[in-house]
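A structural walkthrough
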Amino acid sequence: MSSSKSNKIVKLESSDNKTFEVEEAVAVQSETLKNMVDDGCANDTIPLPNVNGKILEMVLGWCKKHVDETVTGDELNKYEADFLDLDQADLYGLLMAANFLNVKGLLDRVLQRVADMIKGKKPEEIRRIFNIKNDFTPEEEEEIRLENAWAFD
Amino acid sequence: MKFFPPWTLEFMKENTLDLLSNLPDEILCRIIAFLPSESALETIFLSTRWRGLWNTSLVRHGTIEAAANAISGFLTHFDELDPLRQPRKLQYHFGKDSTLLATIAGNNKLHVDFSSGKQEFPKLFDWLLELNHQKVTHQPSPSTFFVKTLYLKSVSSLTNEAVSSIVPHFQFLENLKIIECNGLQALEIDNSPKLKSLTIIDCLQLKYFHIRCLKLRSFWYRGLFPWLWPEYHFNLTDAMLDFRQGPGNIGFKSCDFDPTLLTIKNAEILTLCKWTFEALIWPSISYFQSNFQFYKLKKLWWIDNSTEGYNSEALISFLKLCPALEQLFVTIDPKSYCMPSTATYSKKVTRHSELGHLKVVKLEGFTNKEDEISLAENFTKLGAVEPLIIATTDGICLRSLVKAPLYQPKQQCRSNLERVAPWSHDRKYTYKFVEVIGDINEVCPKHAHMGP
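Residues numbered from 1 in each chain as written. Chains lettered and ligands numbered in written order. Predicted model: local features only at pLDDT ≥ 70, side-chain atom pairs only at ≥ 80, totals over all residues. Heavy atoms only, no water.

Quick notes on the overall build of chain B
Note the following rule: Secondary structure elements are taken from DSSP: a helix is a run of H or I of four residues or more, a strand is a run of E of two residues or more, and numbering for both begins at the N terminus. Think of it in three bands: with a 1.4 Å probe and only protein chains considered, a residue is buried below 20% of the maximum accessible area for its type, exposed above 50%, and partly exposed in between. Any two residues having at least one pair of non-hydrogen atoms within 4.5 Å are treated as being in contact.
Scanning chain B from terminus to terminus reveals eleven helices and 20 strands. Looking at chain B as a whole, 50% of its 452 residues qualify as buried. Considering only residue pairs separated by 6 or more positions, chain B has 64% of its internal contacts joining residues 24 or more positions apart.

Have a look at this one:
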């Protein structure tokens, strides 16, 4: 009765009503989807209301690439590096999607990418890059500085 | 997420939005986990949202005797690789209304602060701090967080025993800092084979300090000069002896200081007060002048007080003992202890080397400009190469010493910033200070012992 896994198709619908069909082997790169498949909930189209079409396409592209046995290690590395060359809005969308879908490796890569944008920079510069508003009073800033001076020694 | 073309208002609005801070706490904490510890804590300055991530405290209540266990437990649960997973702060309430605040930071640091809560007039106490864990009889806690640097602040007569019971568990302790412990009058630190650096700051009743350490390399002390006894010899590379508040005991003799003098003999970085040199060092070494040198000393911070007419003899005599000196910082602190100088510096010294390596001199706090120039001129003669000489009175405006040829037509001093040194007939130039524009830290390095 059970068809072999490699033939089964999983249907996904993004928040903006785009449908994607992928092989089960690709879909189960996502732990969340894997659990659904294992629980037998994956027979109809699975709605993903918190992932839009553009992001979902990216995630599925990642999953496909990682399942493809013809891809070499080097090609994969290059793919991953290029993959993350995104603007901030897309990057965070990807982060939320990778978190929700629990895709092995992808979430860590995106977290690392964001961390790399923060690493080694002074707070003023970080605020500028990410548009973070400094809502401290000068007194508060001084208080934090004094309180934590020892930790930076 | 809708896509807006770049020429629309929505696009501009979206692109000035702080999207990062809108991510859920859990994700921000995971991003921080990917940062190296130096960068991680800096995110606390970004905004109140980010500060909130760092400021969860674990709150516990108990007796002071149980504090050691509470701290152990707190340390065991801390995950260095994911520093926001567990609170990095422990607030432990004990006694009537006393609190200790224990905070963990990257690079294996633990800060334990007893200063919140009522501080009554501190009861005087003696403290034996045994760092040697081999003497610990009860089983050590299975702490997975290895404390390498420990700050102990405001420990008092009520809390020192509890602290003494937990410190030996830190088997990897390398750096110990004891800060503002009121009432502490006698401190004895027993050997830890790993302790490399010891700092004692502003323990204002401390009069007796007995150290039994072998491997100490760095010793920073600020406060009254105590009766200091290093029982075993160690060689310091870095010594700050900020005794500008004067001696805490009367009747000290310079020979009492000899064991300490031997520990600083090979120092590369040193902070010393003039009175300490005059009263404690010079009498001992004046016999051995030709043989006693601070031959590794590269960076010196000299703390002086100002009396009428600056007398540079002590400083110049000291400099003659420092052949390798590269950087000299002289601070005039009018509140610094001063004793009537009975030292005479015999001019018949001695084999001393030129200060061939002196590159930078910084003078701070001179109020009398003539004294400043005349001291600065001394430095130009000490070595083959004239060092960069910077002066400042307020720490912000910098002046640099320059040579000016004497052929210039006599000019009025244009401002208070320029004073011309008295010149002698056979010199073709004179010295003066001119203002320097620039970041103070770029123009002139800072001595390691000076605070931010």
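From this point, the discussion proceeds with the structure in view.
Regarding the interface of chain A and chain B
Going by this rule: Buried surface area refers to the total accessible area, computed with a probe of radius 1.4 Å, that the two partners give up upon joining, counted for both partners together. Only one rule defines a salt bridge in this text: a Lys or Arg side-chain nitrogen within 4 Å of an Asp or Glu carboxyl oxygen. Under the rule applied, a polar contact is a pair of N or O atoms within 3.5 Å (in protein, one hydrogen donor and one hydrogen acceptor; residues adjacent in sequence only if both atoms are side-chain atoms).
If you look at the interface, chain A gives 38 residues, while chain B gives 38 residues. Interface area, chain A with chain B, both sides summed: about 3,500 Å², of which 68% is carbon and sulfur. Joining chain A to chain B, the criterion identifies four salt bridges. For the salt bridge of D108(A) with R30(B), the shortest nitrogen-to-oxygen distance reads 3.8 Å. Counting across the interface, chain A meets chain B through eleven residue pairs in polar contact (both at pLDDT 80 or more). Within the residue set of the side of chain A that touches chain B, elements represented by two or more residues are α5 (88–101), α6 (106–118), α7 (123–130) and α8 (138–152) of chain A. Per-element tally for the side of chain A that touches chain B: the top contributor is α8(A), with nine residues.

Structural notes on the pattern of salt bridges
Using the criterion set out here, one finds 27 salt bridges over all chains in the structure. Notably, a salt bridge pairs E24(A) with K8(A), separated by 3.8 Å at the nearest N-O pair. A residue pair is termed long-range when its members are at least 10 positions apart, and E24(A) in helix α1 (residues 24–27) and K8(A) in the segment before β1 (9–13) qualify at 16 residues. Between E174(B) and K196(B) there is a salt bridge, with its nearest N and O atoms 3.5 Å apart.

What to know about the pairing of strand β2 (residues 89–94) of chain B
All names here are of chain B. Put simply, the test is: Two strands qualify as a pair provided that DSSP identifies no fewer than 2 bridges between them. The path from the first strand over the helix to the second decides the hand: if it runs clockwise while the strands point away from the viewer, the crossover is right-handed.
As paired elements, strand β1 (residues 57–61) and β2 share five bridges and run parallel to each other. Note on β2: the bridge partner recorded for H61 is H93. Read as a crossover between parallel neighbours, the route from β1 over helix α5 (residues 67–77) to β2 is right-handed. With six bridges joining them, β2 and strand β3 (residues 98–105) adopt antiparallel strand pairing. Within β3, the position partnered with Y92 by the bridge is L100. The antiparallel pairing of β2 with β3 creates a hairpin that spans three residues between the two strands, and G95 there sits at a positive phi of about 60°.

Some thoughts on the confidence of the model for chain A
Residues and elements named next belong to chain A. For clarity, the cut-off: Per-residue confidence from the prediction method is given by pLDDT, with values spanning 0 to 100.
Residues at a pLDDT of 70 or more form 96% of chain A, whose mean pLDDT is 87. Per-element averaging of pLDDT across chain A places helix α4 (residues 73–83) at the bottom with 86 and α8 at the top with 93. Scored below 50 in pLDDT, residues 1–5 shows two contacts in the model against residues more than four places distant or in partner chains.

Examining the nonpolar core
Test applied: Put simply, buried Ala, Val, Leu, Ile, Met, Phe, Trp, Tyr and Cys residues joined by side-chain atoms within 4.5 Å make one nonpolar core.
In this structure, L176(B), F318(B), L363(B) and F379(B) are the most contacted members of the largest nonpolar core, which totals 104 residues. Discounting chain neighbours no more than four positions away, the residues touching F379(B) are L315(B), I316(B), L319(B), L328(B), V361(B), L363(B), P387(B) and I389(B). Within the second largest apolar cluster, 65 residues are counted, among which are L12(A), I55(A), M117(A) and A40(B).

Here's the deal with the sheet that holds strand β2 (residues 19–23) of chain A
All names here are of chain A. Heads up, the condition is: Between N-to-C directions, angles span 0 to 180 degrees; the directions come from axes that are lines fitted to C-alpha atoms, helices contributing only their stretch in contact.
Strand order in the open sheet made by the three strands is β2-β1-β3, with mixed pairing throughout. Both outer strands of the open sheet, β2 and β3 (46–47), are each paired with one neighbouring strand and no more. Here β1 runs beside β2; their pairing, made up of five bridges, is antiparallel. Paired with L12 across the strands is F20, a residue of β2. Where helix α3 (residues 53–67) meets the sheet, it contacts β1 and β2, and its direction lies at approximately 10° from that of β2.

Focus on the side chain of K274(B)
Residues and elements named next belong to chain B. In this fold, K274 is placed in helix α8 (residues 274–285). For K274, a relative accessible area of 13% corresponds to the buried category. Those residues within four positions of K274 in sequence are excluded, and the remaining contacts are W302, I303, D304, N305, N311 and A314.

Remarks on the sheet that holds strand β10 (residues 208–211) of chain B
All names here are of chain B. The strand order across the open sheet formed by four strands is β5-β8-β10-β12, and the pairing between neighbours is parallel. For this open sheet the edge positions go to β5 (125–130) and β12 (227–230), each flanked by a neighbour on one side alone. Pairs of neighbouring strands in the sheet enclose a mean axial angle of 10°, with direction left out of account.

Some words on the state of the cysteines
As a reminder, the rule being used: In this description, a disulfide is simply a cysteine sulfur pair whose atoms lie within 2.5 Å.
Under the defined criterion, the tally for this structure stands at zero disulfides over all chains. Of the cysteine sulfurs around C322(B), a residue in no disulfide, the closest is that of C273(B), at 15 Å.

Quick word on unusual backbone geometry
Residues other than glycine predominantly adopt negative phi, and peptide bonds predominantly adopt the trans conformation. You will see that N17(A), though not glycine, has its phi angle at about 65°, which is positive. Along the chain, N17(A) falls in the loop between β1 and β2. Assessed through its relative accessible area of 58%, N17(A) is described here as exposed. Although it is not a glycine, E180(B) sits at a positive phi angle of roughly 50°.

Remarks on the environment of T237(B)
Residues and elements named next belong to chain B. Inspection of the secondary structure assignment puts T237 in the loop between β12 and β13 (238–242). With a relative accessible area of 33%, T237 lands in the partly exposed category. Residues T237 and T63, 174 residues apart in the sequence, show an inter-C-alpha distance of 41 Å. Other than its neighbours up to four places away in sequence, T237 contacts R217, A267, E268 and I269.

Here we look at the packing of aromatic side chains
Residue and element names in this part refer to chain B. Selection rule: Here a Phe, Tyr or Trp ring, Trp counted by its six-membered ring, pairs with any other such ring whose centre lies within 6.5 Å, and the pair is stacked when the planes are under 30 degrees apart, edge-to-face when over 60, and tilted otherwise. Over a ring means this: the NZ of a Lys or the CZ of an Arg is within 6 Å of the ring centre and within 35 degrees of the ring normal.
Within this structure, the stated rule accounts for 24 aromatic pairs over all chains. Taking 5.9 Å as the distance between ring centres and 85° as the angle between the ring planes, the aromatic pair formed by F225 and F252 counts as edge-to-face. Of this pair, F225 sits in the loop between β11 (218–222) and β12 while F252 sits in the loop between β13 and α7 (258–264), placing them 27 residues apart in sequence. The class of F225 is buried, set by a relative accessible area of 7%. Ring geometry for F292 against F294: centres 5.3 Å apart, planes inclined by 75°, an arrangement best described as edge-to-face. The exposure classification of F292 matches that of F294, with both residues buried. Here the aromatic residues F209, F219, Y221, F225, F243, F252, F257, W275 and Y337 are joined through ring pairs into a cluster of three or more. The aromatic ring of F292 is capped on one face by K265, whose charged end is 5.4 Å from the ring centroid.

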